[in-house]
Amino acid sequence: MVAVPAASLVFAFFASGLVLLATGHDALSSYRRLFDAAFLNRGALGDTLVSATPLAFTGLAAAAAFRMRLFNIGGEGQLYIGAITAAAAGLYFGGSGGPSAFAIAAMVVAGCAGGAAWALIPGILRAFFRTNVIITSLMLNYVAGYLLTYLIFNSQSYWRQTIGFNASVFPTSKQLPNSAIWPAATVHVHGGVALPLGAGFAVLAAGLLWVLYSRTRFGFEANVLGDSARAARYAGMRTRRKILAVMAISGAIAGLGGASQDGDFRHTLDADPNGLQRQFYGYSGIVVAALARYNPLAVLLVAFLIGGLQNAGNTLQGADFPSGLVGVIQGIILFSALGGELLVRYRIRVRRRERAGSAPAAEVT
Amino acid sequence: MNNSLAVVLIASGIGYGTPLLYASLGELLAERSGVLNLGVEGMMLIGAVTGFWTVQRFHAGTAVALAAAVGIAALAGAATSLIHAFLVITLRASQIVSGLALTIFAGAAGLSSYLGNDFNLAANPARHTFHTVFPASWQGWPLVGPIIFGHNVLVYASWGLVVTVWLYLTRTRPGLNLRAVGDAPAAADAMGINVAAYRYAHTLVGGALAGVAGATFTLAINPQWFDNITGGSGWIAIALVIFAFWRPELCLVGAYFFGALQDLAPELQARGIHLGPTVLWTNALPYLMTIVVLVLVSASSTRRWLGAPAALGTPYVREEG
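Residues numbered from 1 in each chain as written. Chains lettered and ligands numbered in written order. Predicted model: local features only at pLDDT ≥ 70, side-chain atom pairs only at ≥ 80, totals over all residues. Heavy atoms only, no water.

### Here's the deal with the overall build of chain A
Then step 1. Broken down by element type, chain A carries 14 helices and 2 strands.
Then step 2. Computed over C-alpha atoms, the radius of gyration of chain A comes to 21 Å, within 12% of the 21 Å expected from 2.2 N^0.38 for 365 residues, which places it in the range of a compact globule.
Then step 3. Dimensions along the principal axes, computed over C-alpha positions, put chain A at roughly 75 × 55 × 40 Å.
Then step 4. Looking at chain A as a whole, 55% of its 365 residues qualify as buried.
Then step 5. In chain A, the 27 positive side-chain charges and the 14 negative ones have mean positions that sit 14 Å from each other. (Helix = DSSP H or I, 4+ residues; strand = E, 2+ residues; numbered from the N terminus. Rg over C-alpha atoms; globule rule 2.2 N^0.38 Å. Buried < 20%, exposed > 50% of the residue type's maximum accessible area, 1.4 Å probe, protein only. Lys, Arg positive; Asp, Glu negative; His and termini not counted. Charge placed at Lys NZ, Arg CZ, Asp CG, Glu CD.)

### Here we look at the pairing of strand E2 (residues 193-196) of chain A
Residues and elements named next belong to chain A.
Then step 1. Relative to E2, strand E1 (residues 184-187) runs antiparallel, the two sharing 4 bridges. From the neighbouring strand, Val187 faces E2, where its bridge partner is Val193.
Then step 2. What sits between E1 and E2 in their antiparallel hairpin is a turn of 5 residues, with His190 showing a positive phi close to 55 degrees. (Pairing = 2+ DSSP bridges.)

### With respect to the pattern of salt bridges
Where charged atoms from two side chains of opposite charge come close, those side chains can pair.
Residue and element names in this part refer to chain A.
Then step 1. Under the counting rule described, the total for this entry stands at 6 salt bridges over all chains.
Then step 2. As a salt-bridge pair, Glu221 and Lys242 come within 2.5 Å of each other at their nearest N and O atoms. Linking Glu221 in helix H9 (residues 217-227) with Lys242 in helix H11 (residues 239-266), this pair joins segments that are 21 residues apart in sequence. Of the two residues, Glu221 and Lys242, both sit in the buried class.
Then step 3. In this structure, the salt-bridge partner of Arg266 is Asp270, at a minimum N-O distance of 2.6 Å.
Then step 4. A relative accessible area of 24% means that Arg266 is categorised as partly exposed.
Then step 5. Each of Arg217, Glu221 and Lys242 takes part in one network of salt bridges that share partners. (Salt bridge = Lys/Arg side-chain N within 4 Å of Asp/Glu carboxyl O.)

### Topic: the side chain of Asp264 of chain A
All names here are of chain A.
Then step 1. Counting through the fold element by element, Asp264 comes out in helix H11.
Then step 2. Buried and without a salt bridge, Asp264 has Arg266 as its closest oppositely charged side chain, separated by 10 Å.
Then step 3. Not counting residues up to four positions away in its chain, the partners in contact with Asp264 are Trp182, Pro183, Pro196, Leu197 and Gly198. (Contact = heavy atoms within 4.5 Å.)

### Focus on the side chain of Asn311 of chain A
Residues and elements named next belong to chain A.
Then step 1. Summarising the element assignment, Asn311 is placed in helix H13 (residues 296-316).
Then step 2. Owing to a relative accessible area of 5%, Asn311 belongs among the buried residues under this scheme.
Then step 3. If we skip the residues at most four places from it in the chain, Asn311 touches Ala37, Ala38, Ala44, Asp47, Thr48 and Ser51.

### Considerations on the packing of aromatic side chains
Centre-to-centre distance and the angle between the planes together describe a pair of aromatic rings.
Residues and elements named next belong to chain A.
Then step 1. As enumerated under the stated definition, the model contains 24 aromatic pairs over all chains in all.
Then step 2. Seen from their ring centres, Phe153 and Phe170 are 5.9 Å apart, and the 80 degrees between their planes marks the pair as edge-to-face. Placement of Phe153 in helix H6 (residues 133-153) and of Phe170 in the loop between helix H7 (165-169) and E1 is noted, with a sequence separation of 17 residues between them.
Then step 3. Assessed through its relative accessible area of 24%, Phe153 is described here as partly exposed. (Phe/Tyr/Trp six-rings, centres within 6.5 Å; stacked < 30°, edge-to-face > 60°.)

### Looking at helix H5 (residues 111-118) of chain B
Given 3.6 residues per helical turn, the α-helix brings residues three or four places apart onto the same face.
Then step 1. Among the 8 residues of H5 of chain B, 6 are classified as buried, and the element is accordingly described as predominantly covered.
Then step 2. Residues of H5 of chain B that are buried include every one of Leu111, Ser112, Ser113, Tyr114, Leu115 and Gly116 of chain B, and no others.

### Thoughts on the interface of chain A and chain B
Then step 1. Taken together, the contact pairs 52 residues of chain A with 49 residues of chain B.
Then step 2. Taking both sides of the interface into account, the surface hidden between chain A and chain B amounts to around 4400 Å²; carbon and sulfur atoms contribute 76%.
Then step 3. Together, Ile135, Met139 and Phe335 of chain A form the three largest contributors to the area buried by chain A at its contact with chain B, with a combined 15%.
Then step 4. Put simply, chain A and chain B have 1 salt bridge between them.
Then step 5. Listing elements by their share of the side of chain A that touches chain B, those giving two or more residues are helix H1 (3-22), helix H5 (100-129), H6, helix H12 (281-291) and helix H14 (325-351) of chain A.
Then step 6. For the side of chain A that touches chain B, the element with the highest residue contribution is H14 of chain A, accounting for 14 residues.
Then step 7. Grouping the constituent residues of the side of chain A that touches chain B by class yields 33 nonpolar, 13 polar and 6 charged. (Buried area = accessible area lost by both parts, 1.4 Å probe. Nonpolar A, V, L, I, M, F, W, Y, C, P; charged D, E, K, R; others polar.)

### So, unusual backbone geometry
What you tend to see is this: most non-glycine residues have negative phi, and most peptide bonds are trans.
Then step 1. At Phe280 of chain A, a residue that is not glycine, the phi angle is positive and equals roughly 55 degrees.
Then step 2. Judged by relative accessible area, Phe280 of chain A falls into the buried class, the value being 15%.
Then step 3. Not every positive phi belongs to a glycine, and Asn228 of chain B is a case in point at roughly 60 degrees.
Then step 4. With respect to the element layout, Asn228 of chain B can be found in the loop between helix H10 (195-221) and helix H11 (233-243).

### Overview of the confidence of the model for chain A
Then step 1. Residues with a pLDDT of 70 or more make up 93% of chain A, whose mean pLDDT is 88.
Then step 2. Predicted confidence is poor over residues 350-360 of chain A, with pLDDT under 50, and the contacts of this stretch with residues over four places away or in other chains come to 3 contacts. (pLDDT = per-residue confidence, 0-100.)

### Overview of the packing of H5 of chain A against H11 of chain A
When two helices pack together, you describe them by how their axes are tilted relative to each other and by the distance separating the axes.
All names here are of chain A.
Then step 1. Contact pair H5 / H11: the axes reach a minimum separation of 6 Å and the direction vectors enclose 145 degrees. Once H5 is placed against H11, the crossing between them reads as right-handed.
Then step 2. Taken together, the residues of the contact of H5 with H11 break down into 17 nonpolar, 6 polar and 3 charged. (Axes fitted to C-alpha atoms, helices over the stretch in contact; angles between N-to-C directions. Left-handed = near helix turned anticlockwise from the far one by under 90°.)

### A few points about a nonpolar patch on the surface
All names here are of chain B.
Then step 1. On the surface, Met1, Trp141, Leu143, Val144 and Ile148 cluster together to form a nonpolar patch covering roughly 470 Å² of accessible area.
Then step 2. Within the fold, Met1 resides in the segment before helix H1 (5-32).
Then step 3. Classification of Met1 as exposed rests on a relative accessible area of 64%. (Patch = residues over 30% accessible without salt bridge, like charges linked within 9 Å, V, L, I, M, F, W, Y side chains within 5 Å. Areas by Shrake-Rupley, 256 points an atom, 1.4 Å probe, with all protein chains shown as cover.)

### Observations regarding the packing of H11 of chain B against helix H13 (residues 278-299) of chain B
Residue and element names in this part refer to chain B.
Then step 1. Where H11 contacts H13, the axes come no closer than 10 Å and their chain directions differ by 25 degrees. With respect to H13, the element H11 is oriented roughly parallel. The chirality of how H11 crosses H13 is left-handed. Listed contacts from H13 to Ile236, Ala239, Ile242 and Phe243 of H11 are Pro286, Tyr287, Thr290, Val293, Leu294 and Val297.
Then step 2. When its residues are assigned to classes, the contact of H11 with H13 shows 9 nonpolar, 1 polar and no charged. (Parallel < 35°, antiparallel > 145°, perpendicular 65-115°, else oblique.)

### Structural notes on the nonpolar core
Then step 1. By size, the foremost hydrophobic cluster in this structure holds 203 residues, and its most contacted members are Trp159 of chain A together with Trp235 of chain B.
Then step 2. Examining the composition of this core, we find that 12 residues originate from one element, H6 of chain A, more than from any other.
Then step 3. For Trp235 of chain B, the contacting residues outside a window of four places in its chain are Ile73, Ile134, Leu138, Met139 and Tyr142 of chain A together with Leu38, Glu41, Leu100 and Thr103 of chain B.
Then step 4. Judged by nonpolar contacts, the second largest core, of 5 residues, contains Val35, Ala85, Ile89 and Tyr200 of chain B. (Core = buried A, V, L, I, M, F, W, Y, C linked by side-chain atoms within 4.5 Å.)

### Notes on the environment of Leu316 of chain A
Residue and element names in this part refer to chain A.
Then step 1. Position of Leu316 relative to the elements: it lies in helix H13.
Then step 2. For Leu316, a relative accessible area of 17% translates into the label buried.
Then step 3. Along the sequence, Leu316 and Ala37 sit 279 residues apart, while their C-alpha atoms lie 7.6 Å from each other.
Then step 4. Excluding residues that lie within four positions of it along the chain, Leu316 makes contacts with Arg33, Leu34, Ala37 and Phe321.

### Focus: helix H7 (residues 153-171) of chain B
All names here are of chain B.
Then step 1. Helix length check: H7 (19 residues) gives 26 Å between terminal C-alpha atoms against 27 Å at 1.5 Å per residue, within 8%.
Then step 2. For H7, the set of buried residues is Leu154, Val155, Tyr156, Ser158, Leu161, Val162, Val165 and Leu169.
Then step 3. Packed against the buried residues of H7 are H1, helix H3 (62-90), helix H6 (144-148), helix H8 (173-183), H10 and helix H12 (248-270). (Expected span 1.5 Å × (residues − 1).)

Given below as structure tokens:
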């Protein structure tokens, strides 16, 4: 089970090395610096966790939906909406003088609710009108991105800072009050590694998702639906209800990722088109989920690896380390994981060849 | 008359709709062969960046440089689609995941951004751009001036392409074979048609047209380079193929409708009509309308799959004795 993803990683670095060489870069030294910046340098592990935490959320969100062959690629937008609703909750309850735990809990609930509501739009359209989830969820990413920018840059919204000199010169978001900032535990190794509260929530979410999919009737039915929608219908499973539930769960996890962005890392609603929106956490989450073969626990590990890659990309970005390299490597990792998976499947097919009906199931898109 | 809202929107709809038209015609050909390629956005960005690179670095007369740029963009788009073709046709991987991977690999945070950065393309505007073909005086003619005579070569070529694709699909043997491959690959195979070859060829042509669509952005509509210059048009093009019931002539109508939507809110604002937050509407309207139209098409259940190739999205496995 580990061989294919591991081999895909190796192959991806080899193939990306060819891209580097073809454009006149020294692949080996680039990789060494990449690895150092991701895991070895002072403070690198902490920075990698900063990238890995949102990827764990978006990876889990994608895994939850893709398992049922419900291709929710709207994790990006659901994360933005979660960040918007959680920031509202943080600003409102954090400033009211109540205990910090209450403000944080309100942000978690608001982030999940916002992400779930946004994901339910394509969910409802899929369940009741059979509208293609891929396209609707993706279109909503753009809408969410423009909405996020609009709230701070083109309107006088609740999230926008209107008092002070800086705010009158350049549009900025309100800072979250201290009680709405999520605490982090520090592990004293290698210059100190901050473990954000959001990373804890991600681990918790992965555990719950694992239990849900492998230990409950709900998960069993979702898996059957993913394998064969027709078989599920004959068995009397409620397709519509399951689509709505799975989309809501997927969106809620992505939205929690948005809440974690506010509370753990940015301490404000980051609406800058070159800020949160340039990280493409939602799209990278798809890579994470596919490489983890939609297994929630594996998502955590893969998120850490891909988070290292993303962190290194951010740190090293410059003349001899063009931006975009991270996306290239991620894309090639996905290609090789896909190709590798086929090798595994091919072996199975040869062994029970006489079995008819090997046609792949139609996908519930 | 030429300043009336309808004429202005039709004219700008044709301009903005042209990349959508190229990309959707390409996707239509790939899907007619049974291959769904969700990598259109990525292939468009590759075409956009390579086309732009060509006009910056290739020193020749304007016409030659532009022709070379479009050619390079088409080749680059086709080369990108070859990855998808190999994975889904030869290795029979999931078309959905492979297409997504292609967009991540080539897209806004991938190879197109890498190349744009590495060649430092964002620094300068394009050295050569497409201009209107007909003399300026013609464009003053009522109605036909802006709508028919106000465009560049890429627009007129796309009209020719619509006719070509339509004739190809309905009047030629390879076109009919293509439809057989997309609807019933096993039957096509039994007829002696090489299913894999047809699928490869049309996926590559689809990639080439997506590359041209991308070059339309950097050489005509917005002659410069920045990351993600296509801004999701590739996805709208994929949706367009569904709205158009897989028919080229309807792709043209849909592409111009969505092109016009991009200009609607600013045009209304210029005329003093405010419908709430103009900035938000301008940006988000094409995406919201894509969803609305997609729902309308899929909700009318009897017509839902009218025209959809029956074998779309499924690999063909020949069952040998």
